[in-house]
Amino acid sequence: CCRGGEYEKILNDDFDNSLFNEPFIVFEIDSIKEHKLLFPITTLIIMGVFIQKMRYKKNKKILIIEDEPRVRAALAAALSGFGHQVTQAATALAGLEVVVRERPEVIVLDLGLPDLDGVDLLRMLRPVSDAVVIVATARVAEDDIVRTLDAGADDYVCKPFSPAQLDARIRASMRRLGPNR
Ligand code: CA
């Protein structure tokens, strides 16, 4: 990136030169300033950080579909605490209505819902929503996990799980799916 003259080779008299076969190579900050490199480099770094922040905006519009009131309330409180905008639904059909009306970016979906199985709801959701769907359930059988992912879930957490893990999985899915998700 630089001409040879921008690196100044000097012998450093403060050191015992017999210890070193080569002279010290000193990178001179002044030479960068002089050649006006510092400003464009700094600008590029700031723009890079800004673009990353824009691409992966931390706070998401999240819908929790969960029939167990205590679990739903705890999840909502935790995810709100992480800065997300949270909506809740206690049944599959209520959830579907919120999806169509509010277009959440992320859906946290329980499978054992009173009116519909979560996997059936997932199949209904997919044609109308490209939200990240994280299934949060007590079902741990491999068949259930495979069926859920095949139906369009982006990830799967087994209860009990910590809100921090759920939030990390949301971030991971958003990263995988790219800047427009
Ligand atoms: Ca349930």
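Refer to the structure printed above.
The structure reproduced in this document is the subject of the present report. Small disclaimer: the values here were computed from a predicted structure and weren't measured. (Residues numbered from 1 in each chain as written. Predicted model: local features only at pLDDT ≥ 70, side-chain atom pairs only at ≥ 80, totals over all residues. Heavy atoms only, no water.)

## Quick notes on the overall build of the chain
Logical step 1: Secondary structure summary: the chain contains seven helices and seven strands in total.
Logical step 2: Residue pairs in contact within the chain that sit at least 24 positions apart in sequence constitute 59% of those at least 6 positions apart.
Logical step 3: Working note: accessible area of the chain is about 11200 Å², and carbon and sulfur atoms make up 59% of it. (Helix = DSSP H or I, 4+ residues; strand = E, 2+ residues; numbered from the N terminus. Contact = heavy atoms within 4.5 Å. Areas by Shrake-Rupley, 256 points an atom, 1.4 Å probe, with all protein chains shown as cover.)

## Overview of the pairing of strand 3 (residues 61–65)
Logical step 1: The buried count for strand 3 comes to four of five residues, which makes it a mostly enclosed element.
Logical step 2: Note that strand 3 and strand 4 (residues 85–89) share five bridges and pair parallel. Its bridge partner being in strand 4, Lys-61 is matched across the sheet by Gln-85.
Logical step 3: Handedness of the crossover joining strand 3 and strand 4 through helix 3 (residues 69–81) is recorded here as right-handed.
Logical step 4: Across four bridges, the pairing between strand 3 and strand 5 (residues 106–109) is parallel. Bridge pairing in strand 5 links Ile-62 to Val-106. (Buried < 20%, exposed > 50% of the residue type's maximum accessible area, 1.4 Å probe, protein only. Pairing = 2+ DSSP bridges. Right-handed = clockwise from strand over helix to strand, strands pointing away.)

## So, the side chain of Asp-110
Logical step 1: By the element assignment, Asp-110 lies in the loop between strand 5 and helix 5 (118–125).
Logical step 2: On the basis of relative accessible area, Asp-110 is assigned to the buried category, the value being 5%.
Logical step 3: Contacts of Asp-110, omitting those with residues within four sequence positions, involve Ile-65, Glu-66, Asp-67, Gly-118, Ala-136, Thr-137 and Lys-159.

## Let's talk about unusual backbone geometry
Logical step 1: The omega torsion across Lys-159 and Pro-160 is 0°, close enough to zero to call that bond cis.
Logical step 2: By secondary structure assignment, the location of Pro-160 is in the loop between strand 7 (155–158) and helix 7 (163–177).
Logical step 3: Here the phi dihedral of Arg-103 falls at roughly 45°; this positive angle occurs in a residue that is not glycine.
Logical step 4: Counting through the fold element by element, Arg-103 comes out in the loop between helix 4 (92–102) and strand 5.

## Points about the nonpolar core
Logical step 1: Core analysis: the largest hydrophobic core is formed by 21 residues, its most contacted members being Leu-63, Ile-65, Ile-107, Leu-109, Leu-121, Leu-122 and Val-135.
Logical step 2: Elements with a contribution of two residues or more to this core: strand 3, helix 4, strand 5, helix 5 and strand 6 (132–137).
Logical step 3: What Leu-63 contacts, discounting residues up to four positions off in sequence, is Thr-87, Gln-88, Ala-89, Gly-95, Val-98, Val-99, Pro-104, Val-106, Ile-107 and Val-108.
Logical step 4: Core analysis: the next-biggest nonpolar cluster, separate from the first, contains 15 residues, Val-106, Val-157, Leu-166 and Ile-170 among them. (Core = buried A, V, L, I, M, F, W, Y, C linked by side-chain atoms within 4.5 Å.)

## Focus on helix 5
Logical step 1: Listing the buried residues of helix 5 in full gives Gly-118, Val-119, Leu-121, Leu-122 and Leu-125. The buried residues of helix 5 all sit within an arc of 155° when viewed along its axis, so they share a single face.
Logical step 2: Residues of helix 5 that are buried make contact with strand 3, helix 4, strand 5, strand 6 and helix 6 (142–150).
Logical step 3: Regarding helix 5, its N-cap is Asp-117, as a side-chain oxygen of that residue lies 2.9 Å from the backbone nitrogen of Val-119 further along. (Arc of directions from axis to C-beta. Polar contact = N/O pair within 3.5 Å; in protein donor to acceptor, adjacent residues only side chain to side chain.)

## Considerations on the sheet that holds strand 4
Logical step 1: Spatial strand order, 4-3-5-6-7: five strands in an open sheet with parallel pairing. Two strands close off the open sheet at either side, each with one partner strand: strand 4 and strand 7. Between one strand axis and the next, the sheet turns through 20° on average, direction left out of account.
Logical step 2: Looking at chain direction, strand 6 and strand 7 are connected through four bridges and run parallel. Each bridged residue has a counterpart across the sheet, and for Ile-134 the counterpart in strand 7 is Asp-155.
Logical step 3: Across the sheet, helix 3 lies against strand 3, strand 4 and strand 5, angled at about 170° from strand 4, the strand it touches most.
Logical step 4: Sheet strands in contact with helix 7 are strand 3, strand 5, strand 6 and strand 7, and its direction is about 150° off that of strand 6. (Axes fitted to C-alpha atoms, helices over the stretch in contact; angles between N-to-C directions.)

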